[in-house]
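Residue-level structure breakdown
So you can see what is in the structure, the chains are spelled out below.
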Amino acid sequence: MNPRRAGHEVAWTFLTNHALVLLCLARNPEARMRDVASSVGITERAVQKIVADLEEAGYLTRSRDGRRNRYALHPNTPLRHPLECHKNADSLLALVLEPSK
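Residues numbered from 1 in each chain as written. Predicted model: local features only at pLDDT ≥ 70, side-chain atom pairs only at ≥ 80, totals over all residues. Heavy atoms only, no water.

**Observations concerning the overall build of the protein**
- Tallying secondary structure elements over the protein gives four helices and two strands in all.
- Each helix and strand of the protein, placed in order from N terminus to C terminus, yields the pattern α-α-α-β-β-α.
- The C-alpha atoms of the protein give 14 Å as radius of gyration, which agrees with the globular expectation for 101 residues (13 Å, within 12%).
- Referenced to the eigenvectors of the C-alpha coordinate spread, the extents of the protein come out at roughly 40 × 35 × 30 Å. (Helix = DSSP H or I, 4+ residues; strand = E, 2+ residues; numbered from the N terminus. Rg over C-alpha atoms; globule rule 2.2 N^0.38 Å.)

Below you can see the structure in the form of structure tokens.
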């Protein structure tokens, strides 16, 4: 998922870090912040802040599972920008994530 892995620096991407973190947690609801940070190409602290933002906005719920966190996504939550608010998070996830096989 990290465009920097291709061996060159990418100046910009179409999705925000918030969207990328949400996509990572959709793929793996038990992902560690360290792993999400590595996938997105940002710091663990930035991931923690984004997860808090997503939780506060109602896109996910965090719960403890032993020593780890587990994230439950709420895909019916509408997207936030006026140009996209007619769609929900599930639309974004369906657009980007590969179907499960």
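On we go from here.
**As for the layout of surface pockets**
- Here the largest pocket defines a volume of roughly 410 Å³.
- For the largest pocket, the lining is made up of 16 residues, of which Thr16, His18, Ala19, Leu79 and Glu84 are closest to its centre.
- Elements that contribute at least two residues to the lining of the largest pocket include exactly helix H1 (17-27), helix H3 (44-56) and helix H4 (89-96).
- Ranked by residues supplied to the lining of the largest pocket, first place goes to H1 with three residues. (1 Å grid on protein atoms, 1.4 Å probe; cavity = no way out; pocket = protein on both sides within 12 Å on 5 of 7 lines; lining within 4 Å. Points joined across faces, edges and corners; volume = space filled by probe spheres on them.)

**Here we look at the nonpolar core**
- Among the nonpolar cores identified, the biggest contains 22 residues, and Val21, Leu25, Val36, Val47 and Val51 are the most heavily contacted of them.
- Among the secondary structure elements, those contributing two or more residues to this core are H1, helix H2 (33-40), H3 and H4.
- Among the elements that line this core, the one with the most residues is H1, at six residues. (Core = buried A, V, L, I, M, F, W, Y, C linked by side-chain atoms within 4.5 Å. Buried < 20%, exposed > 50% of the residue type's maximum accessible area, 1.4 Å probe, protein only.)

**Section: the environment of aspartate 53**
- Within the fold, aspartate 53 resides in helix H3.
- Spatially, the C-alpha atom of aspartate 53 lies 8.4 Å from that of histidine 18, the residues being 35 residues apart in sequence.

**Points about the confidence of the model for the protein**
- Summarising the model, the protein shows a mean pLDDT of 91, and 90% of its residues fall at 70 or more.
- Across the protein, the secondary-structure element scoring lowest on mean pLDDT is strand E1 (residues 60-65), at 94, and the one scoring highest is H3, at 98. (pLDDT = per-residue confidence, 0-100.)

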